Amino acid sequence: MPEKLSAGYYLTNFVYFLDFVSERYERILNVAEKSFFNEFRALSQDAQRLYVRLYSRKGPLFRTDKLSYEDISDIAIAVAELIERGFVDCGTDCSTNDILALCTRVELLHLHEVNKGISGSILTKVELLAALAEFLEDLKCKQLQHQLRFTLIQPTHLDKLRVYSLLFFGNLHQDMTDFVLHELGITPFESYEIDHEARFFDDRELLEQTLALYDLSELSRKIIDSGEKKMLLTLCESLPDRNPDLGFRYDRIVNRIARQLERYKCFAEAFELYQHSGSVPARERAARLLHKMGFSDAAAEACQEIFSSPWDEAEYEFAVKFMRQILDKDHPLQSTLPRISSRVQTDELALNPKDDYSVESLVCEWAEEQGFSAYHVENDLFPGLFGLAFWDIIFSPVRGAFFNPFQRAPADLFHSRFVDARAGGFADRFAYIKDHDRLASTVIKHYRSKHGIANRFVHWKGLSEELLELALSRIPTTNLVLVFERMMSDFRNNLSGFPDLILFSDHTYQLVEVKGPGDRLQMNQQRWFRFFREKNIPAMVVNVSYPLQ
């Protein structure tokens, strides 16, 4: 791991970021976005460095008197150049509250005395902000800045950089931080082959629709948080049509809005909205609403549709259970519905609570006292074993899987085509690892050679070589293969819900889900336990109680 980054590393990364997008998406970028790239390259090095610094920091407003960077020779000249070239402005559209938030307490005291004519020395900074906010509401920002005698700037062109980020990362939650984490070795990424012929976005329209969905998602959250029912109903009227290429993004927003409408008792509106969603739990919620509104026959028909063609295992189970609940006992369909058992092996354990000890830690300590080797693994162990056993296949060069150097997994991981596109590799590896020694050598080889490299399946902090060797020596290979196959059937839902602990004795192992007082199994945990019971994989629930003190 390098001790420090090279001088100007952030500018080098930013230029690479711009070059990468400009080259690959030249056909998609509009005139303004292309011009931004060219105009940025025409800035002096100091101005470029300052702009990137501002873009990478939390803003958007900055005080010029607080800017200090050793690698920028003259901040004032760089600021002047950025203002002249239109890469920053003086915060003309900011609010007085934005400016006040950047003030020191001494500066706020000065403002208080100038504008109210009395001393505010006994007030805290929070009290000063509250006192000034309303009083200065009508004061123009330029007038306020003049009274404070400092200059504010904020970077411009952020809308263009938002486009560049989406084209580079394929999302808006990653940012330039990944460059730094990779270079420092904190989160290095795999050196996979990037498909230079494929693109995350093939046309401008899809890009625009994706950006619009990000805006819609943010707006829907704000309206829901505000509690404004009328605004939410108005938003429903302006929702765009569903694009299948962006289905999951769209469905998450629609499902979120519809669920909130349910809470407002707007059942008809929520039901109508669920009809536009193609992802769980839309059909489940719609069936429940039909029953709630008194349309039991229609609810049963909706459940039959789910039962016949479920989107996932959870939806199938809902349909079976809900149909059994809402149909008359003598209805002919009752006899055709499968029984879904919820029986789980359980044990009761009374333990004395300890400060700073979780309930899982208490059971681990108890198990160690009984002679077991106990590990708190939860969702780390089995997904980690899968990621290590199939590492090279996960990162194999499949067309359209990798678009940039900072992916923790292929872009198609949660699509059904993920397994199909690598069917030959998976089949060969499964045949190879049926031999215990081959499985163990593959896992340990990748653990050592890939340690720390980002992988969606592998949470390095939760895995040690000691744990892996114990797991590989105690868990039969047939059991691991069965778990791997179930995960592969639905990665989106089956990478979680694993038991909290694994206990090892001399020759066996036991999976243990720990539940404290009042806690119970979640639905995805119930499905895993049902699977464990069907496949004779040792798993149990330990209910912990605390004796009266």
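Our structure's up above, just so we're on the same page.
Residues numbered from 1 in each chain as written. Predicted model: local features only at pLDDT ≥ 70, side-chain atom pairs only at ≥ 80, totals over all residues. Heavy atoms only, no water.

K.L.:
Explain the overall build of the chain to me, using residue names and the numbers behind them.
P.N.:
Scanning the chain for helices and strands turns up 27 helices and eight strands. With the C-alpha coordinates aligned to their principal axes, the bounding extent of the chain is approximately 75 × 65 × 60 Å. A total of 549 residues make up the chain; the buried ones form 48% of that total. Across the chain, the fraction of contacts at a sequence separation of at least 24, relative to all contacts at a separation of at least 6, is 70%. On the chain, roughly 28500 Å² of surface is accessible, and the fraction owed to carbon and sulfur atoms is 49%. A distance of 2 Å separates the average location of the 64 positive side-chain charges in the chain from that of its 81 negative side-chain charges. (Helix = DSSP H or I, 4+ residues; strand = E, 2+ residues; numbered from the N terminus. Buried < 20%, exposed > 50% of the residue type's maximum accessible area, 1.4 Å probe, protein only. Contact = heavy atoms within 4.5 Å. Areas by Shrake-Rupley, 256 points an atom, 1.4 Å probe, with all protein chains shown as cover. Lys, Arg positive; Asp, Glu negative; His and termini not counted. Charge placed at Lys NZ, Arg CZ, Asp CG, Glu CD.)

K.L.:
So what's going on with the pattern of salt bridges? Residues and values would help.
P.N.:
Inspection of the entire model under this criterion finds 28 salt bridges. For Arg408, the salt bridge is made with Asp178, and the minimal N-O distance between the two is 4.0 Å. Placement of Arg408 in the loop between helix 20 (391–394) and helix 21 (417–421) and of Asp178 in helix 10 (residues 177–184) is noted, with a sequence separation of 230 residues between them. The class for Asp178 is buried, based on a relative accessible area of 7%. A salt bridge links Glu513 to Lys515; its shortest N-O distance comes to 3.1 Å. (Salt bridge = Lys/Arg side-chain N within 4 Å of Asp/Glu carboxyl O.)

K.L.:
Describe empty space enclosed by the protein, naming the residues involved and giving the relevant values.
P.N.:
Under the criterion given, the structure shown has one cavity of 30 Å³ or more. Put simply, the largest cavity is a space of about 30 Å³. If you go around the largest cavity, the residues you meet are Ser341, Ser342, Arg343, Val344, Gln526, Phe529, Arg530 and Arg533. Class assignment of the residues belonging to the lining of the largest cavity gives a composition of two nonpolar, three polar and three charged. (1 Å grid on protein atoms, 1.4 Å probe; cavity = no way out; pocket = protein on both sides within 12 Å on 5 of 7 lines; lining within 4 Å. Points joined across faces, edges and corners; volume = space filled by probe spheres on them. Nonpolar A, V, L, I, M, F, W, Y, C, P; charged D, E, K, R; others polar.)

K.L.:
Would you mind going over the nonpolar core in detail, with residue names and values included?
P.N.:
Soluble globular proteins tend to bury their nonpolar side chains together. Phe17, Phe40, Leu50, Phe386, Phe390, Phe484 and Ile502 are the most contacted members of the largest nonpolar core, which totals 135 residues. The element best represented in this core is helix 1 (residues 9–24), accounting for nine residues. Residues within four places of Leu50 in sequence aside, it is in contact with Leu67, Tyr69, Ile72, Ile75, Ala78, Val79 and Leu82. (Core = buried A, V, L, I, M, F, W, Y, C linked by side-chain atoms within 4.5 Å.)

K.L.:
Tell me what's going on with unusual backbone geometry, and back it up with residues and numbers.
P.N.:
A cis geometry characterises the amide bond from Val280 onward to Pro281, with omega recorded as 5°. Tracing the sequence through the fold places Pro281 in the loop between helix 14 (267–274) and helix 15 (282–292). Of note, His157 is a non-glycine position whose phi angle comes to about 65°, a positive value. Among the structural elements, His157 can be located in the loop between strand 3 (152–155) and helix 9 (158–169). The phi dihedral of Asn536 is positive, around 55°, even though this residue is not glycine. Relative to the helices and strands, Asn536 resides in the loop between helix 27 (523–534) and strand 8 (539–545).

K.L.:
Residue-level account of helix 1, with values.
P.N.:
For helix 1, with 16 residues, the first-to-last C-alpha span of 23 Å sits near the 22 Å given by 1.5 Å per residue. Within the sequence span of helix 1, burial applies to Tyr9, Tyr10, Leu11, Asn13, Phe14, Val15, Phe17, Leu18, Phe20, Val21, Ser22 and Arg24. Lining the buried residues of helix 1 we find helix 2 (31–41), helix 3 (45–56), helix 9 and helix 10. (Expected span 1.5 Å × (residues − 1).)

K.L.:
Run through the sheet that holds strand 6 (residues 501–504), naming residues and quoting values.
P.N.:
Spatially, five strands are ordered 4-8-7-6-5 in an open sheet, and the strand pairing comes out mixed. Two strands in the sheet have a free side with no partner beyond their single neighbour: strand 4 (346–350) and strand 5 (373–376). The mean angle between the axes of side-by-side strands here comes to 30°, regardless of whether they run parallel or antiparallel. Pairing geometry for strand 7 (residues 509–515) and strand 8, over five bridges, is parallel. Across the sheet, Glu513 pairs through a bridge with Val541, a residue of strand 8. On top of the sheet, helix 24 (residues 465–474) reaches strand 5, strand 6 and strand 7; it is set at about 65° to strand 6, its chief contact. (Pairing = 2+ DSSP bridges. Axes fitted to C-alpha atoms, helices over the stretch in contact; angles between N-to-C directions.)

K.L.:
Hey, could you go over a negative patch on the surface for me, with residue numbers and the actual values?
P.N.:
On the surface, Asp202, Asp203, Glu205 and Asp245 cluster together into a patch of negative charge. Residue position: Asp203 is located in the loop between helix 10 and helix 11 (204–226). (Patch = residues over 30% accessible without salt bridge, like charges linked within 9 Å, V, L, I, M, F, W, Y side chains within 5 Å.)

K.L.:
Account for the sheet that holds strand 1 (residues 62–63), naming residues and giving values.
P.N.:
Judged by pairing direction, the sheet is antiparallel, and its three strands sit side by side in the order 1-3-2 without closing on themselves. The sheet is open, and its two edges are formed by strand 1 and strand 2 (88–89), each paired on a single side. Direction of pairing for strand 1 relative to strand 3: antiparallel, over a ladder of two bridges. If you follow Arg63 over to strand 3, its bridge partner there is Leu152.

K.L.:
I'd love a proper account of helix 27, names of residues and values included.
P.N.:
Residue pairs three or four apart in sequence face the same way in an α-helix, which turns once every 3.6 residues. Taking 1.5 Å as the rise per residue, helix 27 with 12 residues should run 16 Å; its terminal C-alpha atoms sit 17 Å apart, in good agreement. Of all the positions in helix 27, only Gln525, Arg527, Trp528, Phe529, Arg530, Phe531 and Phe532 are classed as buried. Here the buried face of helix 27 lies against helix 17 (313–326), helix 25 (477–489), helix 26 (491–494), strand 7 and strand 8. Asn536 lies just past helix 27 and shows a positive phi near 55°.

K.L.:
Summarise the packing of aromatic side chains; cite the residues concerned and give the values.
P.N.:
Taken as a whole and assessed by the stated rule, the structure comprises 51 aromatic pairs. Taking the centre distance of 4.1 Å and the plane angle of 20° together, the rings of Tyr192 and Phe402 count as stacked. One end of the pair, Tyr192, is in the loop between helix 10 and helix 11; the other, Phe402, is in the loop between helix 20 and helix 21, and 210 residues separate them in sequence. An identical accessibility class is assigned to Tyr192 and Phe402; each is buried. (Phe/Tyr/Trp six-rings, centres within 6.5 Å; stacked < 30°, edge-to-face > 60°.)

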